[in-house]
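Observations on the three-dimensional arrangement
Take a look at the letters that make up each chain.
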Amino acid sequence: MIADRGERAETAAAWRATVLSLFPEMFPGPLGVSLAGKGLDAGRWALDVLDIRDFARDKHRSVDDEPFGGGPGMVMRPEVVDAALQAIEGRPGPLICLSPRGAPLTQARVRALAAGPGVRLLCGRYEGIDERIFAVHPVEEVSVGDYVLSGGEPAALVLIDAVVRLLPGVMGNEASPGEESFESGLLEYPHYTRPAVWQGLEVPEVLLSGHHERIRTWRLERAEEETRRRRPDLWAARGETEKSRGARGR
Ligand code: ADE
């Protein structure tokens, strides 16, 4: 049937996350509900999770060992991680290892990933992964913030969530991503809904005016104000971007 073939072709082309984890039961987790979950069910994106333990060679299926030089914790064994990485070699997207020492995840990186065919994610556990893996495999290391999680899995869930909500047909209102925090280097402007007066607090008059141009200007000014006050680092970075744009003559 033609309709059936079309459907399968669409599924085959869907953005695909391939995850290597010692705790595959953590997936899809929160990504199985709400808009991400609906998108997953509808085939707008796809998720494959492989258990790293399936690549262990010995009879105990051991995946870790003590660190050379001593110290606390265990280290993921290179030959096990290597076998797992080889198994996902032909799959779509860049190879990313979630790690607190990685480059901070940004909305720009998220947007670039959403524009590609997918991502391959390696989730570390224990003290980390044998360093030689990074000499042999072209791995990009990414962090979701300056704090230490119990492993890469919650970070992988964060990364996938940030990407899939940008995919066509996943968010209810496809116009909104462009307007929200970070897309323009600014935090979002404040939002209000009914009632127009609540606990004696009034919604700003301009938002009730129906005057689109004034509303647009007000929102931009408020976004700039919030960014300056809450995130001086973002505000300064935006200033630099504007300056270099100016220097290039636009
Ligand atoms: N694994 C442990 N902590 C992490 C973090 N902050 N970001 C990414 N992966 C991690």
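Residues numbered from 1 in each chain as written. Predicted model: local features only at pLDDT ≥ 70, side-chain atom pairs only at ≥ 80, totals over all residues. Heavy atoms only, no water.

**Considering the overall build of the chain**
The criterion, for reference: For the purposes of this entry, the term helix denotes a DSSP run of H or I that reaches at least four residues, the term strand denotes a run of E that reaches at least two, and both are numbered from the N terminus. Exposure classes here rest on a 1.4 Å probe applied to the protein chains alone. A residue is buried below 20% of its type maximum, exposed above 50%, and partly exposed in between. Contacts were defined at the residue level, with two residues in contact if any of their heavy atoms lie within 4.5 Å. For this count, His and the chain ends are skipped, Lys and Arg are scored as positive, and Asp and Glu as negative. All charge positions are set by atom: Lys at NZ, Arg at CZ, Asp at CG, Glu at CD.
When helices and strands are tallied, the chain shows 8 helices and 10 strands. Along the three orthogonal principal directions, the C-alpha set of the chain runs to about 70 × 60 × 50 Å. Expressed as a percentage of the 250 residues in the chain, the buried residues total 37%. By sequence separation, contacts in the chain at least 24 residues apart represent 74% of the contacts at least 6 residues apart. Computed over 32 positive and 38 negative side-chain charges, the inter-centroid distance for the chain is 4 Å.

**Structural notes on the sheet that holds strand β4 (residues 75-76)**
Stated formally: Pairing between two strands requires that DSSP report at least two bridges joining them.
One open sheet holds the 3 strands; their spatial order is β3-β4-β7, and the pairing between them is mixed. Edge positions in the sheet fall to β3 (64-65) and β7 (128-129), since each has one partner strand and no second. Two strands pair when backbone bridges link them, and β3 and β4 are joined in this way by 2 bridges, in the antiparallel orientation. Each bridged residue has a counterpart across the sheet, and for Asp-64 the counterpart in β4 is Met-76.

**A word on the environment of Leu-85**
In this fold, Leu-85 is placed in helix α3 (residues 78-87). Since its relative accessible area comes to 2%, Leu-85 is described here as buried. Not counting chain neighbours up to four residues away, the residues in contact with Leu-85 comprise Leu-20, Leu-95, Leu-122, Ile-133 and His-137.

**Looking at the environment of Gly-169**
Within the secondary structure, Gly-169 is located in the loop between α6 (152-164) and β9 (197-198). Spatially, the C-alpha atom of Gly-169 lies 46 Å from that of Lys-59, the residues being 110 residues apart in sequence.

**Things to note about the site of the ligand**
Quick note on the threshold: In these notes, residues near a molecule or strand are those with any non-hydrogen atom within 4 Å of it. Pairing of N or O atoms within 3.5 Å defines a polar contact, subject to two protein rules: one partner must be a possible hydrogen donor and the other a possible acceptor, and residues neighboring in sequence count only if both atoms are side-chain atoms. Using the Shrake-Rupley algorithm and a 1.4 Å probe, accessible areas are obtained, with residue cover drawn only from the displayed protein chains.
The full set of residues close to the ligand is Leu-98, Ser-99, Pro-100, Val-142, Ser-143, Val-144, Gly-145, Tyr-147, Val-148, Leu-149, Gly-151 and Ala-155. In this structure, a nitrogen atom belonging to the ligand sits 3.0 Å away from a main-chain N or O atom of Val-144. One of the backbone nitrogen or oxygen atoms of Tyr-147 is found 2.8 Å away from a nitrogen atom of the ligand. Here the ligand has 260 Å² of accessible area as a free molecule, and 96% of this is covered by the chains.

**Details of the packing of aromatic side chains**
As a reminder of what qualifies: Pairing of aromatic side chains here covers Phe, Tyr and the six-membered ring of Trp, requires ring centres within 6.5 Å, and sorts the geometry by plane angle: under 30 degrees stacked, over 60 edge-to-face, intermediate tilted. Remark: a charge is flagged as sitting over a ring if the NZ atom of Lys or the CZ atom of Arg is within 6 Å of the ring centre and within 35 degrees of the ring normal.
Per the counting criterion, the structure on display carries 0 aromatic pairs. Residue placement shows Arg-101 over the ring face of Phe-134; its charged tip is 5.0 Å from the ring centre. One Lys or Arg, Arg-228, reaches over the ring of Trp-235 and ends 4.8 Å from the middle of that ring.

**A short note on the sheet that holds strand β2 (residues 45-51)**
Strand pairing in a sheet takes place through backbone hydrogen bonds and is either antiparallel or parallel in direction. Our working rule: Between the N-to-C directions of two axes lies an angle of 0 to 180 degrees, each axis being a line fitted to C-alpha atoms and, for a helix, fitted only over the stretch in contact.
Strands sit in the order β2-β1-β6-β5-β8 across an open sheet of 5 strands; the sheet is parallel. Of all the strands in the sheet, the pair left with one neighbour each is β2 and β8 (140-143). Between one strand axis and the next, the sheet turns through 35° on average, direction left out of account. In this sheet, β8 lies alongside strand β5 (residues 95-104) in parallel orientation, the contact comprising 5 bridges. Note on β8: the bridge partner recorded for Pro-104 is Ser-143.

**Focus on the domain arrangement of the chain**
The criterion, for reference: For the purposes of this description, domain bounds are those given by an automatic or database domain assignment.
Under the domain assignment, the chain is made up of domain 1 (2-164) and domain 2 (181-248). The gap between the C-alpha centroids of domain 1 and domain 2 is 35 Å.

**Considerations on unusual backbone geometry**
With an omega dihedral of -5°, the bond running from Phe-27 to Pro-28 counts as a cis peptide bond. Within the secondary structure, Pro-28 sits in the loop between β1 (15-21) and α2 (34-41). The linkage connecting Arg-194 with the following residue, Pro-195, adopts the cis geometry, with an omega of 0°. Summarising the element assignment, Pro-195 is placed in the loop between α6 and β9. In the Ramachandran plot, Gln-199 falls in the positive-phi region, its phi being about 50° despite a non-glycine side chain. Tracing the backbone shows Gln-199 in the loop between β9 and β10 (201-202).

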